[in-house]
Amino acid sequence: MNVQTRDKAGIRRQILELVSEYHEASESGRAGFAPGHSTVHYAGRVFDADELRTLVDSSLDFWLTAGRYTESFESGLAEFLGVENVLTVNSGSSANLVAFSTLTSPALKDRRIVPGDEVITVAAGFPTTVNPIIQNQAVPVFVDVELGTYVPALEKIEAAIGPRTKAVMMAHTMGVPFELRELKELCERRGLWLVEDNCDALGSRYDGQLTGTFGDLATFSFYPAHHITMGEGGAVATNDDGLARIARSFRDWGRDCYCSGGENNTCGKRFSQQFGSLPFGYDHKYVYSHIGYNLKITDMQAAVGTAQLRKLPRFIEQRKANHASLAAGLANLEEKLILHTCPEGADPSWFGYVITVRPECGLTRNTVVAALEGERIETRSLFCGNLLRHPAYEAIQHRVAGSLTNTDVITSNTFFLGVYPGLTPGMIAHVVDVMQRVAG
Ligand SMILES: Cc1ncc(COP(=O)(O)O)c(C=O)c1O
């Protein structure tokens, strides 16, 4: 090692040590929790000096776009999930866009989704699970969900299948797996694609197997409210190498070439192929096989993600423990509240604790939420409630299979509380105490 290299490495080490010291200094003297005065957040970033160090380390590389930390994050998440391919993207919404667009590729021949094809989904969820269906001129078919689990029953999905149905794409809402094994079998039997929006459910299991590993494609979000964060970020996972290559193309401008950033000629045929009516040997790096996007992340985001990934097993356990504490504390309120549960065989890595105030019980969602917020306990609606009631969706082409009765109940009677790892037993006790006062 020459002097200059040693100095650079030494300086980097020193900077990273200072970063740790900075973090320690900013943590010391933090005030304790005061019920009714301190905010009980519904979600948030949970991090320590590790995340700050990896972030600064990547900034010193100044590689900026996807690089060594991205590779490390993608292989780390692939290993955690036990899947062949993970591609990072810049949000969970982008992950859904890439996953759905993948299924429109001409490379899939008669299985590709074309305008007018139907895709089964739910209206009680997050809009960007549904948006890619609409953006690709396919037709969303909405099924109702069950109160308590907030995912649809298998029979409702089966009954919604029509002659133009090509796929099922929906979320494990609030971390609760739908009946995945059975649905996967149904999709295989009926020749349908299955896309799992796993944005709320990293670490959930069904029949002992991780969600996000059953479907043809699965998506993840790393927004701060989610199980791990990189600020903005997401991922697409698949065991199918062909789908992974298409997804990468949609993510990376639509190009046909699959070299990583900074690489050239991985295929060995960069200047010796025929594409469309281009001159023979046109540079493969600039050949486009899809109408694509650029949805890549930066290496700084991935750097934070690598540190978060190391904490994931602990985060999952803490989410489960916090959910269990709320479940125990609220169990006696069942007469007035529909408490959060999951289908048999599911082992959720919960996103939140969902409560529906029973219609006609003498309470309303708004009075319960007002009491909680008045005690500085944050609450959230179950995302958009009935998506079809929002201005942007009033005129979309769609089909409703059956009714959306429960979806409408959710719109007016449901909210959720946090279970994220930043909550302490004192905070959870305060939440239970306020809930007992309001609904006991
Ligand atoms: C189920 C679901 N899918 C997709 C998303 C979008 O993720 P992002 O905010 O990273 O775009 C969210 C966001 O919370 C979500 O809950």
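Predicted, not measured: the structure shown is a model, and the values here were computed from it.

Trainee: Describe in detail the overall build of the protein, supporting the description with residues and values.
Mentor: Helix and strand counts for the protein stand at twelve helices and 14 strands. Its C-alpha atoms give the protein a radius of gyration of 23 Å, near enough to 22 Å, the size a compact globule of 440 residues would have. Principal-axis analysis of the C-alpha atoms places the extent of the protein at approximately 75 × 65 × 40 Å. Taken over 440 residues, the protein has a buried fraction of 54%. Carbon and sulfur atoms provide 52% of the accessible area of the protein, an area that totals close to 19300 Å².

Trainee: Any details on the site of the ligand? Residues and values, ideally.
Mentor: Around the ligand there are 15 residues in total, and Gly92, Ser93, Asp197, Asp200 and Ser221 lie nearest to it. Residue glycine 92 places a main-chain N or O atom 2.7 Å away from an oxygen atom belonging to the ligand. Histidine 226 places a polar side-chain atom, nitrogen or oxygen, 2.9 Å from an oxygen atom of the ligand. Protein contacts shield 91% of the accessible area of the ligand, which totals 390 Å² for the unbound molecule.

Trainee: Help me get a handle on the pairing of strand E1 (residues 85-89), residues and values and all.
Mentor: Here is the key point about a regular strand: its side chains alternate between the two faces of the sheet. Of all five residues making up E1, five are buried, and the element is well covered by its neighbours. Where burial is concerned, the two faces of E1 agree: the one with Asn85, Leu87 and Val89 and the one with Val86 and Thr88 are both buried.

Trainee: Please provide a residue-by-residue account of the sheet that holds strand E6 (residues 205-206), values included.
Mentor: The strand order E7-E6-E11 describes an open sheet built from three strands, whose pairing is antiparallel. The sheet terminates laterally at strand E7 (209-210) and strand E11 (346-347), the two strands that pair on one side only. Across two bridges, E6 lies against E11 in antiparallel orientation. Along E11, the bridge assignment pairs tyrosine 206 with alanine 346.

Trainee: I'd like a description of the nonpolar core, backed by residues and values.
Mentor: By size, the foremost hydrophobic cluster in this structure holds 64 residues, and its most contacted members are Val168, Leu183 and Met435. In terms of residue count, helix H12 (residues 425-439) provides more of this core than any other element does, seven residues in total. Excluding its chain neighbours within four sequence positions, the residues that come into contact with leucine 183 are Leu154, Ile157, Val168, Met170, Phe178 and Leu194. The next biggest cluster of nonpolar side chains, apart from the first, holds 25 residues, and it includes Val98, Phe100, Ala138 and Ile246.

Trainee: So, the packing of helix H2 (residues 49-61) against helix H9 (residues 299-330): which residues are in play, and what are the values?
Mentor: Two elements in contact, H2 and H9, have axes separated by 8 Å at closest approach and are oriented at 150°. The angle between H2 and H9 falls in the class roughly antiparallel. Seen from above, H2 lies across H9 with right-handed handedness. Residues Asp50, Glu51, Thr54, Leu55, Ser58 and Ser59 of H2 form the contact with H9, whose participating residues are Asp299, Met300, Ala303, Val304, Thr306, Ala307, Gln308, Arg310 and Lys311. Broken down by class, the residue content of the contact of H2 with H9 amounts to five nonpolar, five polar and five charged.

Trainee: Go over the side chain of arginine 319, please, and point to the residues and values.
Mentor: Tracing the backbone shows arginine 319 in helix H9. No salt bridge forms around the buried arginine 319; measuring N to O, its nearest opposite-charge neighbour aspartate 200 is 8.5 Å away. Leaving out residues up to four positions away in the same chain, arginine 319 has contacts with Ala225, His226, His227, Ser349, Trp350, Phe351, Val419, Tyr420 and Pro421.

Trainee: Break down the pattern of salt bridges for me, citing the residues and quoting the values.
Mentor: Under the defined criterion, the tally for this structure stands at 25 salt bridges. Between arginine 53 and aspartate 50 there is a salt bridge; the shortest N-O distance is 2.8 Å. Remark: aspartate 50 and arginine 53 occur in helix H2; sequence separation between them is three residues, near one turn of the helix. A relative accessible area of 22% means that aspartate 50 is categorised as partly exposed. Three or more residues are tied together by salt bridges with common partners; here these are Arg12, Asp57, Asp61 and Arg68.

Trainee: Describe a nonpolar patch on the surface, naming the residues involved and giving the relevant values.
Mentor: A cluster of nonpolar side chains, Trp253, Leu278, Tyr282, Tyr286 and Tyr288, forms an exposed patch at the surface whose accessible area comes to about 540 Å². Here tyrosine 286 is to be found in the loop between helix H8 (241-251) and H9. Judged by relative accessible area, which is 52%, tyrosine 286 ranks as exposed.

Trainee: For the environment of glycine 191, give the residues involved together with the corresponding values.
Mentor: With respect to the element layout, glycine 191 can be found in the loop between helix H7 (180-190) and strand E5 (193-197). Here the alpha-carbon distance between glycine 191 and glycine 374, two residues 183 residues apart in the chain, equals 51 Å. Excluding its chain neighbours within four sequence positions, the residues that come into contact with glycine 191 are Arg111 and Lys166.

Trainee: Give a description of the sheet that holds strand E2 (residues 118-122) that names residues and reports values.
Mentor: Read from one edge of the open sheet, eight strands run E1-E9-E8-E5-E4-E2-E3-E13, paired in mixed fashion. In the strand order of this sheet, the two ends are held by E1 and strand E13 (399-400), each with one partner. In terms of strand pairing, E5 meets strand E8 (residues 217-221) through three bridges, oriented parallel. Within E8, the position partnered with valine 195 by the bridge is leucine 217. Across the sheet, helix H3 (residues 68-81) touches E1, E8 and strand E9 (234-238), and the angle it forms with E1 is around 130°. Helix-sheet contacts for H7 involve strand E4 (165-171) and E5, and the interaxial angle to E5 is about 150°.

Trainee: Give a detailed account of the pairing of E9, specifying residues and quantitative values.
Mentor: Judged by how many residues are buried, E9 sits mostly within the fold: five of five residues are covered. As paired strands, E1 and E9 are joined by five bridges and run antiparallel to one another. The partner of leucine 87 across the bridge, within E9, is valine 236. Note that E8 and E9 share four bridges and pair antiparallel. Bridge pairing links alanine 218 to alanine 237 in E9.

What counts as what
- Residues numbered from 1 in each chain as written.
- Predicted model: local features only at pLDDT ≥ 70, side-chain atom pairs only at ≥ 80, totals over all residues.
- Heavy atoms only, no water.
- Helix = DSSP H or I, 4+ residues; strand = E, 2+ residues; numbered from the N terminus.
- Rg over C-alpha atoms; globule rule 2.2 N^0.38 Å.
- Buried < 20%, exposed > 50% of the residue type's maximum accessible area, 1.4 Å probe, protein only.
- Areas by Shrake-Rupley, 256 points an atom, 1.4 Å probe, with all protein chains shown as cover.
- Near = heavy atom within 4 Å.
- Polar contact = N/O pair within 3.5 Å; in protein donor to acceptor, adjacent residues only side chain to side chain.
- Pairing = 2+ DSSP bridges.
- Core = buried A, V, L, I, M, F, W, Y, C linked by side-chain atoms within 4.5 Å.
- Contact = heavy atoms within 4.5 Å.
- Axes fitted to C-alpha atoms, helices over the stretch in contact; angles between N-to-C directions.
- Parallel < 35°, antiparallel > 145°, perpendicular 65-115°, else oblique.
- Left-handed = near helix turned anticlockwise from the far one by under 90°.
- Nonpolar A, V, L, I, M, F, W, Y, C, P; charged D, E, K, R; others polar.
- Lys, Arg positive; Asp, Glu negative; His and termini not counted.
- Salt bridge = Lys/Arg side-chain N within 4 Å of Asp/Glu carboxyl O.
- Patch = residues over 30% accessible without salt bridge, like charges linked within 9 Å, V, L, I, M, F, W, Y side chains within 5 Å.

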